[in-house]
Structure formats: structure tokens, C-alpha cells
Amino acid sequence: MSVRDHILLNNSLKFPVIGLGTWQAEPSEIKTAIDTALEVGYRHIDTAFSYMNEEAIGDTLQEWFNSKKLKRGDLFITTKLPMPAVRPEDVEPYLRESLKRLKLKYVDLYLIHCPIGLKPVHDNMNNTFPTIPDGTVSLDPVTDLPATWKAMEAQVDNGLAKSIGVSNFNCVQIEKIVRHARILPVTDQVELHVEFMQKPLRALCKLHNIVVTAYAPIGSPGRTKFYAARGQKAPPIPCLIHNPLVGEVAKKHNKSNAQVLLRHLLQHGLVVIPKSCNPKRIKENFQLMDFQLDSEDMKKLDSLDKGAKGRTFDFLLFKGIDQHPEYPFVDEY
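**Here's the deal with the pairing of strand β5 (residues 76-81)**
Burial runs high along β5: six of the six residues are buried. Chirality of the crossover, the property in question, places the unit of strand β4 (residues 44-46), helix α2 (residues 54-66) and β5 among those that are right-handed. Examined bridge by bridge, β5 and strand β6 (residues 109-112) share four bridges and lie parallel to one another. Bridged to T78 within β6 is L109. Handedness of the crossover joining β5 and β6 through helix α3 (residues 88-102): right-handed.

**Points about the sheet that holds β5**
Reading across from one edge, β3-β4-β5-β6-β7-β8-β9-β10 is the order of the eight strands in this open sheet, with parallel pairing throughout. This sheet does not close on itself; its edge strands, each paired only once, are β3 (20-21) and β10 (271-272). Here strand β9 (residues 211-215) runs beside β10; their pairing, made up of two bridges, is parallel. Opposite T213, over in β10, you have V271 as the bridge partner.

**Details of unusual backbone geometry**
In this structure, S12 takes a positive phi of about 75 degrees despite not being glycine. Note on placement: S12 falls in the loop between β1 (6-8) and β2 (14-16). Looking at S12, the relative accessible area reads 54%, which means it is exposed. The phi torsion at K103 lies on the positive side, around 60 degrees, for a residue other than glycine. Inspection of the secondary structure puts K103 in the loop between α3 and β6. With relative accessibility at 33%, the residue K103 sits in the partly exposed group.

**A few points about the nonpolar core**
Counting residues in each nonpolar core, the largest one holds 86 residues, and the members touching the most others are L81 and Y110. Setting aside its immediate chain neighbours within four residues, Y110 contacts T79, K80, L81, V91, Y94, L95, M152, A161, S163, I164 and G165. Residues V137, Y227, I273 and Y327 belong to the second largest nonpolar core, which totals 18 residues.

**Quick notes on helix α10 (residues 279-286)**
Those residues of α10 not exposed but buried are I282, E284 and N285. Along the axis of α10, the buried residues cluster in a sector spanning 165 degrees; they form a single face. Looking at the buried side of α10, the elements it contacts are β3, α1 (27-40) and α9 (257-266). With a side-chain oxygen positioned 2.9 Å from the backbone nitrogen of K280, the residue opening α10 is N278.

**Points about the pattern of salt bridges**
Within this structure, the stated rule accounts for 18 salt bridges. Between E97 and R101 there is a salt bridge, and its shortest N-O distance comes to 2.9 Å. Of this pair, E97 and R101 both sit in helix α3, four residues apart, which is roughly one turn of the helix. With respect to burial, E97 and R101 carry one shared label: buried. Put simply, K300 and E248 hold a salt bridge, and the shortest N to O gap is 3.0 Å. Here K300 is found in helix α11 (residues 295-302), whereas its partner E248 is found in helix α8 (residues 244-253), with 52 residues between them in sequence. Overall, the relative accessible area of 43% leaves E248 in the partly exposed class. What you see here is one network of salt bridges that share partners, running through K31, D35 and E63.

**Some details on the packing of aromatic side chains**
Applying the stated rule across the entire model yields eight aromatic pairs. Relative to F313, the ring of W23 lies with its centre 5.9 Å away and its plane at 65 degrees, an arrangement referred to as edge-to-face. Of this pair, W23 sits in the loop between β3 and α1 while F313 is found in the segment after α11, placing the two residues 290 residues apart along the sequence. According to the relative accessible area criterion, F313 is buried, its value standing at 9%. An angle of 80 degrees between the planes, with centres 5.3 Å apart, marks the rings of F315 and F329 as edge-to-face. One end of the pair, F315, is in the segment after α11; the other, F329, is in the segment after α11, and 14 residues separate them in sequence. Judged by relative accessible area, F315 falls into the buried class, the value being 14%. One aromatic cluster in this structure is built from W23, Y215 and F313. Directly above the aromatic system of W64 lies the positively charged group of K69, at a separation of 4.8 Å from the ring centroid. Just above the ring of Y106 sits the side chain of R72; from NZ or CZ to the centre is 4.1 Å.

**A look at the pairing of strand β8 (residues 187-191)**
Burial runs high along β8: five of the five residues are buried. In this sheet, β8 lies alongside strand β7 (residues 164-167) in parallel orientation, the contact comprising two bridges. Bridging from a neighbouring strand, V166 pairs with D188 of β8. Handedness of the crossover joining β7 and β8 through helix α5 (residues 171-180) is recorded here as right-handed. Direction of pairing for β8 relative to β9: parallel, over a ladder of five bridges. Across the sheet, V190 pairs through a bridge with A214, a residue of β9. Since β8 and β9 lie parallel, the crossover through helix α6 (residues 199-207) that links them has a hand, and here it is right-handed.

Cut-offs and rules
- Residues numbered from 1 in each chain as written.
- Predicted model: local features only at pLDDT ≥ 70, side-chain atom pairs only at ≥ 80, totals over all residues.
- Heavy atoms only, no water.
- Buried < 20%, exposed > 50% of the residue type's maximum accessible area, 1.4 Å probe, protein only.
- Helix = DSSP H or I, 4+ residues; strand = E, 2+ residues; numbered from the N terminus.
- Right-handed = clockwise from strand over helix to strand, strands pointing away.
- Pairing = 2+ DSSP bridges.
- Core = buried A, V, L, I, M, F, W, Y, C linked by side-chain atoms within 4.5 Å.
- Contact = heavy atoms within 4.5 Å.
- Arc of directions from axis to C-beta.
- Polar contact = N/O pair within 3.5 Å; in protein donor to acceptor, adjacent residues only side chain to side chain.
- Salt bridge = Lys/Arg side-chain N within 4 Å of Asp/Glu carboxyl O.
- Phe/Tyr/Trp six-rings, centres within 6.5 Å; stacked < 30°, edge-to-face > 60°.
- Lys NZ or Arg CZ within 6 Å of the ring centre and 35° of its normal.

Right, here's the structure in full:
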């Protein structure tokens, strides 16, 4: 199956199918990562308010714009609304703050990062995971997703976002948004990899012409750092890179295991946003268009899917988060 370098979204914008993920990328690492990515040919950068690296990304992008190497219109920039802002009145203030940090007039894509709303912390926007004294996350039990979506639509109307979408939404939540939407989500960004292919969610999104974007497409092996910073042990993390079947296919094509994992998802019509700050891996993760997996390769890789048992991101490191009425990982998909 041939793969184009972009997918046409339901609003007719071109969405580059390979993006640079930046979760856990420290501000001190960002310049090298972004410079390397742009030099190689990436034109899609994915960040979020809660990653706390928007300002460093903005500084690097400004250097590229000022040098005339790239124009703003050459890039597709995504950021996300954090959980303490999942309410209509906070959508625009948080987007404007993201734009200020990114030094941009608009983003190409603005996502609701998660359907779970937390209590607002207006005196400290950087507190994106507020807790109560016992360490439980400070839940906002009256999260209204349709009302928040209406506020997201207003950001398209006022030119601050060219596209809007969601992340970590399950099938029920996607249907809820679609029923009330004037402007459809262009994507649902979710955990998706060879062991967790999200077939029902993908089928639903296809029905509504919503692109699925895969985060952790090679399993996010570096996430142990995130758990350690919170004094917690990481759950079992899938060792996709070292799977023997993946290795067989990689050897056949003289490619790395990571390249095979990413190409497999591209051939399923997905967008991938692998995260790396390592220049060698950033380059390697972009070199996916010079080979093609045949039907036998695809069948082998498809056989690794574990269905719902393959999910590894459940947000349960945030104490009490599963008590929110919109906790998305209750349903199988």
C-alpha cells in the first residue's frame, strides 16, 4: 500500500502523517529536537499546554521563521487544552496563553487533551494536575463536553485555531461530540500501536471522517521517567521494539524495528507522532516512505494486536482520576 505524506482532513486541510511528538521533552532538549526534525523534513509538531515546553518550541520556531528557512504556513502545529480547562469559559484563555508561549497567531490544530475535567486553578495555569491534600486529583464532576466543544468551535470562528479535535476520547464520547457538533473533530489522538490497534474506535472515526492519530506508536518506552518523577513505579510497558516478529519484518526490509512499527500504522491510514529528542532516532522515524510492507508483513504485525488488553495508558497514576464520570477507559474502546 502506498502512503502519501499527508492526509486530507474533513475541513480540507492537509495533515502531515508523520509528526514529532514532544511529551516529556524538556525545554533544554527542545531546540536540538525541533532543529533536527525541521532539517530532516518534519512539518508537523505536536505539543500540549501540560507538556510545559510550548515556550521553548516557540523560540525555536521563531528562529526558523526569522531566518526565512520556513514560513508559518509551511508547518502544522498542534497543541492541547489541559484538564483543568475543560469548561467553556476557559477554552479561549488557555488557547491564547498557548499561542503567547508558542509565539504564534494561530495553531493548525487544537485538541481537548482529555475528556476528564479537573477543578480550575486560575491563579496558577501551570498547575495542570491539581490535587487535594490527600493527593487525589481535584475532579470537576460537572464536566460538560458538548458545551466545551461549542467553545472549541468558537476558536475556529475567531481564527485562533484552523482545526479542532479531541484526544483520549472513547467511542461514546466521540458520538456525544458528533451529535452536538457544528464543526466536526478532525482527529482523535489516542494510544495506538501494534499491540493496541483500537479497531472499534478506528471504525467509528472512519464513519464520521475523523482521522485517528497514534501516540506512543512504538510503545513509549521512555515513559518510566514520567512515573519516577511522581514517585511511582511504571506499569508494564510493551517491549514492541524487541518483538521477534517485528524484528523478522525489519530484517527483511533492512529497516529498524521502529521504522517497521511506524510504517505498519501508516499503511493502516493512521497519523503517527513518535517522540524523540535523539537526533539519530528523529531522522530514522521520518524515513518511512522508501519501503512498503506487503500483505504477509501486515498480517504478521496485525496478529500482535491484543485488543483492549494492549492498552497501557490509563492515567491511573493520578489518584482518583477513574472516579470522574467522563473517565474514558471504562469502556473497552
